[in-house]
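Single-letter residue listing:
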Amino acid sequence: MSEYPRYGQDEPYEPYPQYGQYPQYGQYPQSEQYPQYPPYQQYLRYEQYEQASRLVRPFTITGGRTEPSRNIFTLITIVTATASVRAGPGLQREHLRALDLCAAPAAVAEIAAHLDLPVAVTKILLSDLLDQGRITATAPAQGSGGPDIALLEKVRDGLARL
Amino acid sequence: MPGSDTDAPSAVKILVSGGFGVGKTTLVRSISEIAPLRTEEVLTASGADVDDLCGIEEKTTTTVALDFGRITLFPDLVLYLFGTPGQQRFWFMWDDLALGALGGIVLVDTRRIDVSFSAIDFFEKRGIPFIVAANCFDGRQAYTAGQVRQALALGPDIQLHAFDARDRVSCRDTLRTLVDHLVERVSRTP
Ligand SMILES: Nc1nc2c(ncn2[C@@H]2O[C@H](COP(=O)(O)OP(=O)(O)OP(=O)(O)O)[C@@H](O)[C@H]2O)c(=O)[nH]1
Ligand SMILES: [Mg+2]
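In every chain, residue numbers begin from 1 and rise along the written sequence. For this description, chains carry letters from A and ligands carry numbers from 1, given in the order in which they are written. Reporting of local features is limited, given that this is a predicted model, to residues whose pLDDT is at least 70; pairs of side-chain atoms are given and counted only at 80 or more, and all residues count toward the totals for whole chains, interfaces and linings. Side-chain descriptors were evaluated using all non-hydrogen atoms of the structure, hydrogens and water having been removed beforehand.

An unreviewed UniProt entry lists chain B under the name ATP-binding protein, from Streptomyces phyllanthi.

Naming follows an unreviewed UniProt entry, where chain A appears as DUF742 domain-containing protein of Streptomyces phyllanthi.

We now examine the overall build of chain B. Across its full length, chain B holds 6 helices and 7 strands. Each residue's exposure class comes from its accessible area (1.4 Å probe, protein chains only) as a fraction of the maximum for that residue type: buried when under 20%, exposed when over 50%, partly exposed otherwise. Expressed as a percentage of its 190 residues, the buried residues of chain B come to 55%. Whether two residues touch is decided by their heavy atoms; if any such pair falls within 4.5 Å, the residues are in contact. For chain B, long-range pairs separated by at least 24 residues make up 71% of all intrachain contacts whose partners lie at least 6 apart in sequence. Runs of H or I in DSSP of at least four residues are treated as helices and runs of E of at least two as strands, each being numbered from the N terminus.

Whether parallel or antiparallel, the strands of a sheet pair through hydrogen bonds between backbone atoms. Residue and element names in this part refer to chain A. The antiparallel open sheet is built from 3 strands, whose spatial order is 2-1-3. Each having just a single partner strand, strand 2 (106–107) and strand 3 (135–138) make up the two edges of the open sheet. For two strands to be treated as a pair, DSSP must find at least two bridges joining them. When strand 1 (residues 78–81) meets strand 3, the two strands line up antiparallel, connected through 4 bridges. Paired with Ile 78 across the two strands is Thr 138, which belongs to strand 3. Contacts from helix 4 (residues 119–131) reach strand 1 and strand 3 within the one sheet, and its direction differs from that of strand 3 by about 115°. In this description, a line fitted to the C-alpha atoms serves as the axis of each element, helices being fitted only across the stretch in contact, and the angle between N-to-C directions of two axes falls anywhere from 0 to 180 degrees.

Turning to the pattern of salt bridges, a few remarks are in order. Salt-bridge detection follows one rule: a side-chain nitrogen of Lys or Arg within 4 Å of a carboxyl oxygen of Asp or Glu. Tallying each qualifying case throughout the model produces 14 salt bridges over all chains. Taking the shortest distance from any N to any O, the salt bridge between A:Arg93 and A:Glu94 comes out at 3.4 Å. In this structure A:Arg93 comes out as exposed when scored by relative accessible area, which is 58%. B:Asp121 is the salt-bridge partner of B:Lys125, the closest N and O atoms lying 2.8 Å from each other. Residue B:Lys125 and its partner B:Asp121 are both found in helix 4 (residues 117–126); the two are separated by 4 residues, about one turn of the helix. Judged by its relative accessible area of 36%, B:Asp121 is partly exposed. Taken together, the shared-partner salt bridges connect A:Glu110, B:Glu33 and B:Arg70 into one network.

A separate point is the site of ligand 1. Residues and elements named next belong to chain B. Being near a molecule or strand, for a residue, comes down to having at least one heavy atom within 4 Å of it. Lys 24, Thr 25, Thr 26, Asn 135 and Phe 137 are the nearest of the 15 residues found near ligand 1. Nitrogen and oxygen atoms within 3.5 Å of one another constitute a polar contact, given that in protein one can donate a hydrogen and the other can accept it, and given that sequence-neighbouring residues count only through two side-chain atoms. At a separation of 2.4 Å, an oxygen atom of ligand 1 approaches a polar side-chain atom of Asn 135. The fraction of the free accessible surface of ligand 1 (650 Å²) that becomes covered by protein chains is 67%. Here the shell around ligand 1 gets 3 residues from one element, more than from any other, and that element is helix 1 (residues 24–31). Note on areas: Shrake-Rupley with a 1.4 Å probe; residue coverage comes only from the protein chains shown.

Checked against the element boundaries, A:Gln142 lands in the loop between strand 3 and helix 5 (149–160). On the accessibility criterion, A:Gln142 (11% relative accessible area) is buried.

We now examine the packing of aromatic side chains. Residues and elements named next belong to chain B. Pairing of aromatic side chains requires ring centres within 6.5 Å, counting the rings of Phe and Tyr and the six-membered ring of Trp. Pairs whose planes differ by under 30 degrees are stacked, by over 60 edge-to-face, and all others tilted. Enumeration over the complete set of coordinates arrives at 5 aromatic pairs over all chains. Three or more aromatic residues joined by ring pairs make a cluster, and in this case those are Trp 91, Phe 122, Phe 123 and Phe 130. Looking at Arg 112, its charged tip hangs above the ring of Phe 20, at a distance of 5.0 Å from the centre. Whether a charge lies above a ring is judged from NZ of Lys or CZ of Arg, which has to be within 6 Å of the ring centre and within 35 degrees of the ring normal.

This paragraph deals with the interface of chain A and chain B. Contact with chain A, which involves 51 residues of that partner, is made by 53 residues of chain B. Put simply, buried area is how much 1.4 Å-probe accessible surface two parts lose in total, over both of them, once they are put together. Its largest share of buried area at the contact with chain B, chain A owes to A:Ile76, A:Leu159 and A:Leu162, together 14% of the area lost on that side. Across the chain A-chain B interface, the total number found is 3 salt bridges. Where chain A touches chain B, the interface holds 11 residue pairs in polar contact (both at pLDDT 80 or more). Secondary-structure elements contributing two or more residues to the side of chain A that touches chain B are helix 1 (40–60), strand 1, strand 2, helix 3 (108–115), helix 4, strand 3 and helix 5 of chain A. No other element matches the 11 residues that helix 5 of chain A contributes to the side of chain A that touches chain B.

Next up on the list: helix 1 of chain B. All names here are of chain B. The set of residues buried in helix 1 consists of Lys 24, Leu 27, Val 28, Ser 30 and Ile 31. All buried residues of helix 1 project into a common sector of 160° when viewed along the axis, lining one side. Residues of helix 1 that are buried in the fold lie against strand 1 (10–17), strand 3 (60–74), strand 4 (77–83), strand 5 (103–109), strand 7 (160–163) and helix 6 (168–188). In this description, one arc is meant: the one made by directions from the helix axis to the C-beta atoms.

Looking now at the side chain of A:Glu94. Tracing the backbone through its elements, the reader meets A:Glu94 in helix 2 (residues 93–101). Ignoring anything within four residues of it in the chain, the contact list for A:Glu94 reads A:Ile61, A:Leu115, A:Leu117 and A:Leu125.

Size it by volume and the largest pocket reaches roughly 520 Å³. Only protein atoms enter the 1 Å grid used here, on which a cavity is any set of points holding a 1.4 Å probe that cannot leave and a pocket is any open set flanked by protein within 12 Å on both sides along at least five of seven lines; residues with an atom within 4 Å of a point are listed as lining. Residue lining of the largest pocket: 23 residues in total, with A:Gln142, A:Gly143, B:Leu99, B:Gly100 and B:Ala101 positioned closest to the centre. Broken down by secondary-structure element, the contributors of at least two residues to the lining of the largest pocket are helix 3 (95–98) and helix 6 of chain B. Looking at which element gives the most residues to the lining of the largest pocket, the answer is helix 3 of chain B, with 3 residues. Looking at the lining of the largest pocket residue by residue, the classes come out as 11 nonpolar, 7 polar and 5 charged. Grid points are joined across faces, edges and corners, and a volume is the space filled by probe spheres set on the points. Under the scheme applied, nonpolar residues are Ala, Val, Leu, Ile, Met, Phe, Trp, Tyr, Cys and Pro; charged residues are Asp, Glu, Lys and Arg; polar residues are all the others, including Gly.

A word on the confidence of the model for chain B. Residues and elements named next belong to chain B. Per residue, pLDDT captures the predictor's confidence, and it can take any value from 0 to 100. Put simply, chain B has an average pLDDT of 86, and 87% of its residues get 70 or more. Scored below 50 in pLDDT, residues 47–57 shows 25 contacts in the model against residues more than four places distant or in partner chains. Across the whole predicted complex the pTM is 0.81, and at the interface the ipTM reaches 0.89.

Structure representation (structure tokens):
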């Protein structure tokens, strides 16, 4: 005769083994207490949370600001450092790195890539530098007026020389 | 523009688009004078844009990464090529990417044309002129130009160009095809 209870034979069924290393009957959480598998929406929320915290961190560099002081920068606005001033009030390490990166004219997208920061954060840092006169900004060649035949011809001629 | 400096060049951009793995980065790498750079932007999608996915009405932020290259055309004019992300769903909301683009190149892999549909859609919706460039993956095209045109439902005014993204000259010629098209398009409209 087996010393172990067989399922359905000896009621009430006690889970085994019962040597103290497992929770005693009643200590197991009721099934409602087990964490439910989150529905798909909750996975998404978690993902969003993760992403949000990943995104929020860079904005601490900007002192929590999420908008630049001037909304003039685009991905291809060219920024150029005006002087090699190395320090100043309110300049963070990232500002100085950005200044170094635009010692030669460079697009906002390039500065962002080299800083390894989102474009939005980079624009805020650059607007600080522009406010202080440490950089100049050159607007994209194509203005908001739409296509410009002279510009397109110039691009065409430039490509023909490559 | 405040703080404008006449000595610095100004820039133009062209978008290189198409589904995942169609050769966008390869094209940028082939023709760029710098190794392709990668940058990302934080985008906010409204509930309406995401609820087909998950049924929740709320704003969601997402990062979109793209790679880009640079071609100095003249001392005072620089061309940037932006490869749009192939697998991310939200890049088309990146206004700064779309605004002011001279034009776009939609890359298609003729063995799986469908992955580039949404790129065509994007340019059409944004009113950005574009050409379609079919990448020769096996050194040849699997389908004729007519078949590709039909599959993509391309109008007769949209140019279809065959090229190899690994070849610099071929990439340059693709860019030239686009810009010739842009020049012609502007000269046509009075
Ligand atoms: N044979 C051949 N292979 C190519 C060509 N263009 C790209 N490839 C290859 O195709 C693969 C994908 O190319 P990518 O340039 O990374 O494609 P992508 O569009 O940037 O891809 P995602 O950024 O992931 O959307 C790489 O392994 C390339 O080497 C081509 O013209 N011919
Ligand atoms: Mg790529």
